[in-house]
Amino acid sequence: MRVAIAGAGLAGLSCAKYLSQAGHTPIVYEARNVLGGKVAAWKDEDGDWYETGLHIFFGAYPNMLQLFQELGIEERLQWKSHSMIFNQPEEPGTYSRFDFPDLPAPLNGVTAILSNNDMLNWYEKIAFGIGLIPAMLRGQEYVEECDNQSWTEWLRSHNIPERVNDEVFIAMSKALNFINPDEISSTVLLTALNRFLQEKNGSKMAFLDGAPPERLCQPIVDYITNKGGEVHLNKPLREINLKDDGSIKSLTIGNAEGGDSVEIEADAYVSALPVDLLKLMIPKSWKGLEVFRKLENLRGVPVINIHIWFDRKLTDIDHLLFSRSPLLSVYADMSVTCKEYEDPNRSMLELVFAPAKDWIGKSDQDIFDATIDELRKLFPDHFTGTDQAKVRKYKVVKTPLSVYKAIPGCQAIRPSQETPITNFFLAGDYTMQRYLASMEGAVLSGKLCASAIDKSKERLEQKNSQAQSS
Ligand SMILES: Cc1cc2nc3c(=O)[nH]c(=O)nc-3n(C[C@H](O)[C@H](O)[C@H](O)COP(=O)(O)OP(=O)(O)OC[C@H]3O[C@@H](n4cnc5c(N)ncnc54)[C@H](O)[C@@H]3O)c2cc1C
């Protein structure tokens, strides 16, 4: 079957990869001139990369890890020590670590938590541990039920001291969905904690060894094209054209380089667009359908990724760092953590600025200035005295509508990969799969979408031959 896919983010590419593997012919149309969507990256005039987001891969990403294996590129994941490292705001320039020993899960996680005495006291650890028992015993079913509460509400309803939020979960919540614990659904935190506590290497982190479009997306494209599929850049979906029965007749595909639009037909059609852009494409006659109506309540959250190149090394920590700063979320010195960005003498910090709702409209200079103010606290030694670190250059990438904002109630409105429209399917991290809004979620959604299309093969082929003979 020929399958037209709009969007070459990880979900669209994964869908195309698994369709190719199943013997189908995917044709991917991407609006921009770069692969990867939210993992897109660009080179500046000096040849230095800057990215949409600082991206971390976890041991608890089975579908992503399998994809790396299938593509034969596992060595591109640079695994770091099994630790989580937090800045200590009350002692600027110092860190507190959760180190996971080489023990089976959940013993390694429990040991990591119990042996950290900087952040939580014993009472807080015990209260939190007791609170987690239902999640551990009842698993995903319980985790899903908790989607009616924010994380702060969940902590309160389990009599867990508010300080646990301040110490650990503001940082985790900002890292997972770029919002604070009073907004984020407790399902998000419980899903992550469950994976981290149940899988020995669940919380182990890896950095890609270079920029995602080249090091991850291109090998997927090569796989697709080697099997006869196609991936086109600068080809935005402009319109979904319908038959009388409400199913798709064709897609109008534009040309961002200035040529004419074309109408293309296929056996099945996939939207791998972000949810906010899909909503703009929904044809009028579909708008009353429950699945599309519900999408109105899924909305992307703003986030900012900032890169700062310095004239010297600020740190040699080869890991992700949780800043615990009010303005920033996680950050890393990419000159240490990522092979392609390596520089033995000078740091390049990549920092996620979140929550970004009050900052997304501000100028790059304002965002940079605010970030530097935070860095003075994170690296006091380098920003005081006569010989201070100098900024060589910086780059700000704003994403006003990024991953869907995972507030309470979203689980019930996330759509399946199949839709009531017989030849229309959905892929994207916002579609229903157990990994929420993440690269793993995007890859899994694409795989589930490909499988749904493959299973509908007979029905789709029959429908198309009927249409041709009538
Ligand atoms: C700052 C930041 C940090 C992140 N950190 C992490 C992390 O550490 N770990 C993790 O797992 N996840 C992280 N994520 C989330 C992760 O990047 C996303 O969940 C994932 O990449 C989403 O993939 P997707 O394919 O569903 O959507 P997208 O990547 O948004 O792909 C959609 C594609 O559709 C294209 N498109 C849009 N309109 C059209 C059109 N009309 N026609 C054709 N194409 C169109 C877009 O250009 C895009 O390429 C982060 C995200 C951000 C923004």
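Colleague: For the overall build of the protein chain, give the residues involved together with the corresponding values.
Modeller: Helix and strand content of the protein chain: 14 helices and 20 strands. Over its C-alpha atoms the protein chain spans a radius of gyration of 23 Å, differing by no more than 12% from the 23 Å that the globule rule assigns to 470 residues. Projected onto its principal axes, the C-alpha coordinates of the protein chain cover approximately 80 × 55 × 40 Å. Buried residues in the protein chain amount to 58% of all 470 residues. Relative to all contacts within the protein chain whose residues are 6 or more apart in sequence, the contacts with residues 24 or more apart total 68%. Surface accessibility of the protein chain: about 19,400 Å² in total, with carbon and sulfur atoms responsible for 51%. The centroid of the 50 positive side-chain charges in the protein chain is displaced by 2 Å from the centroid of its 63 negative side-chain charges.

Colleague: Give a detailed account of helix α8 (residues 212-226), specifying residues and quantitative values.
Modeller: Side chains of residues three or four places apart in an α-helix project in the same direction, reflecting 3.6 residues per turn. Its 15 residues place the ends of α8 20 Å apart at the C-alpha level, agreeing with the 21 Å of an ideal helix rising 1.5 Å per residue. The principal kink in α8, of about 35 degrees, is found at Gln-218, preceding the proline Pro-219 by one to four residues. Regarding α8, the residues found buried are Pro-212, Pro-213, Leu-216, Cys-217, Pro-219, Ile-220, Val-221, Tyr-223 and Ile-224. Trailing α8 by a residue or two, Gly-228 shows a phi angle of about 100 degrees, which is positive.

Colleague: I'd like a description of the sheet that holds strand β6 (residues 77-79), backed by residues and values.
Modeller: Strand order in the open sheet made by the three strands is β5-β9-β6, with antiparallel pairing throughout. Two strands bound the open sheet, and with one partner strand each, they are β5 (57-58) and β6. Where β6 meets strand β9 (residues 205-208), three bridges bridge the pair, whose relative direction is antiparallel. Among the inter-strand pairings, Trp-79 is bridged to a residue of β9, identified as Ala-206.

Colleague: Lay out unusual backbone geometry with the relevant residues and their values.
Modeller: Of note, the amide linkage connecting Ala-105 to Pro-106 takes the cis form, showing an omega dihedral of 0 degrees. Look at the link from Ala-354 to Pro-355: it is a cis peptide, with omega at -10 degrees.

Colleague: Describe the site of the ligand, listing the residues and the values that go with them.
Modeller: Lining the immediate environment of the ligand, one finds 36 residues, of which Glu-30, Lys-38, His-55, Tyr-61 and Asp-429 sit closest. Within the backbone of Ala-31, one N or O atom sits 3.2 Å away from a nitrogen atom of the ligand. The separation between an oxygen atom of the ligand and a polar side-chain atom of Lys-38 is 2.6 Å. If the ligand stood free it would expose 1,000 Å²; the protein chains cover 93% of that surface.

Colleague: Any chance you could break down the packing of aromatic side chains for me, citing the residues and the numbers?
Modeller: By the definition in use, this model includes 17 aromatic pairs. Judged by centre distance (4.7 Å) and plane angle (10 degrees), the ring pair of Trp-151 and Trp-154 falls under stacked. In this pair, Trp-151 and Trp-154 are both assigned in helix α5 (residues 151-157), three residues apart and thus about one turn of the helix distant. Like Trp-151, the residue Trp-154 is buried in the burial classification. On the basis of an interplanar angle of 70 degrees and a centroid distance of 6.1 Å, the ring pair of Phe-310 and Phe-383 is categorised as edge-to-face. Here Phe-383 lies in the loop between α12 (364-378) and β19 (391-399) and Phe-310 lies in strand β15 (residues 303-310), a separation of 73 residues in the sequence. The burial state of Phe-310 is the same as that of Phe-383; both residues are buried. Seen from the ring of Tyr-223, Lys-17 lies directly overhead, with NZ or CZ sitting 4.6 Å from the centre. Residue placement shows Lys-393 over the ring face of Trp-309; its charged tip is 4.7 Å from the ring centre.

Colleague: Would you mind going over the packing of helix α1 (residues 10-21) against α8 in detail, with residue names and values included?
Modeller: Close contact between α1 and α8 brings their axes to 9 Å; oriented N to C, the two are set at 30 degrees. As the angle between them shows, α1 and α8 are arranged roughly parallel. In this structure, α1 meets α8 at a crossing whose hand is left-handed. Between α1, through Leu-10, Leu-13, Ala-16, Lys-17, Ser-20 and Gln-21, and α8, the contact on the second element is made entirely by Leu-216, Cys-217, Ile-220, Val-221, Tyr-223 and Ile-224. Among the residues forming the contact of α1 with α8, the class breakdown is nine nonpolar, two polar and one charged.

Colleague: I'd like a rundown of helix α3 (residues 107-114), residues and numbers included.
Modeller: Taken residue by residue, α3 has Asn-108, Gly-109 and Ala-112 as its buried positions. On an axial view of α3, the arc spanned by its buried residues comes to 100 degrees, and they lie on one face. Contacts from the buried residues of α3 go to β8 (95-99) and α7 (186-198).

Colleague: Account for the nonpolar core, with residues named and values stated.
Modeller: Leu-10, Met-64, Phe-128, Trp-151, Trp-154 and Ile-453 are the most contacted members of the largest nonpolar core, which totals 132 residues. Residues within four places of Leu-10 in sequence aside, it is in contact with Gly-36, Val-39, Met-64, Leu-216, Cys-217, Ile-220, Met-439, Ala-442 and Val-443. Residues Ile-85, Ile-308, Ile-367 and Val-396 belong to the second largest nonpolar core, which totals 27 residues.

Colleague: So what's going on with the environment of Ile-413? Residues and values would help.
Modeller: In this fold, Ile-413 is placed in the loop between β19 and β20 (424-426). Sequence separation between Ile-413 and Glu-290 is 123 residues, and the spatial gap between their C-alpha atoms is 9.4 Å. Once residues within four sequence positions are removed from consideration, Ile-413 is found in contact with Lys-294, Asn-297 and Leu-298.

Colleague: Explain the side chain of Ser-173 to me, and be specific about the residues and the numbers.
Modeller: Considering the arrangement of structural elements, one finds Ser-173 in helix α6 (residues 162-177). Those residues in contact with Ser-173 that sit more than four places away from it in its chain are Phe-178, Ile-179, Asn-180, Pro-181, Ile-184 and Leu-189.

Colleague: I'd love a proper account of the domain arrangement of the protein chain, names of residues and values included.
Modeller: Each assigned domain of the protein chain is listed here: domain 1 (2-39 + 211-298 + 407-469), domain 2 (104-201) and domain 3 (303-399). Computed over C-alpha atoms, the centres of domain 1 and domain 3 are 35 Å apart.

Colleague: Help me get a handle on the pairing of strand β12 (residues 248-253), residues and values and all.
Modeller: Counting buried positions over the six residues of β12 gives five, a clear majority of the element. Across five bridges, the pairing between strand β11 (residues 237-242) and β12 is antiparallel. By the bridge assignment, Asn-241 is partnered in β12 with Ser-250. Of the pairings in the sheet, the one linking β12 to strand β13 (residues 262-264) comprises three bridges and is antiparallel in character. Considered in β13, the bridge of Leu-251 is made with Ile-264.

Parameters at a glance
- Residues numbered from 1 in each chain as written.
- Predicted model: local features only at pLDDT ≥ 70, side-chain atom pairs only at ≥ 80, totals over all residues.
- Heavy atoms only, no water.
- Helix = DSSP H or I, 4+ residues; strand = E, 2+ residues; numbered from the N terminus.
- Rg over C-alpha atoms; globule rule 2.2 N^0.38 Å.
- Buried < 20%, exposed > 50% of the residue type's maximum accessible area, 1.4 Å probe, protein only.
- Contact = heavy atoms within 4.5 Å.
- Areas by Shrake-Rupley, 256 points an atom, 1.4 Å probe, with all protein chains shown as cover.
- Lys, Arg positive; Asp, Glu negative; His and termini not counted.
- Charge placed at Lys NZ, Arg CZ, Asp CG, Glu CD.
- Expected span 1.5 Å × (residues − 1).
- Bend = angle between axes of the 7 residues up to and from the residue.
- Pairing = 2+ DSSP bridges.
- Near = heavy atom within 4 Å.
- Polar contact = N/O pair within 3.5 Å; in protein donor to acceptor, adjacent residues only side chain to side chain.
- Phe/Tyr/Trp six-rings, centres within 6.5 Å; stacked < 30°, edge-to-face > 60°.
- Lys NZ or Arg CZ within 6 Å of the ring centre and 35° of its normal.
- Axes fitted to C-alpha atoms, helices over the stretch in contact; angles between N-to-C directions.
- Parallel < 35°, antiparallel > 145°, perpendicular 65-115°, else oblique.
- Left-handed = near helix turned anticlockwise from the far one by under 90°.
- Nonpolar A, V, L, I, M, F, W, Y, C, P; charged D, E, K, R; others polar.
- Arc of directions from axis to C-beta.
- Core = buried A, V, L, I, M, F, W, Y, C linked by side-chain atoms within 4.5 Å.
- Domains from an automatic or database assignment.

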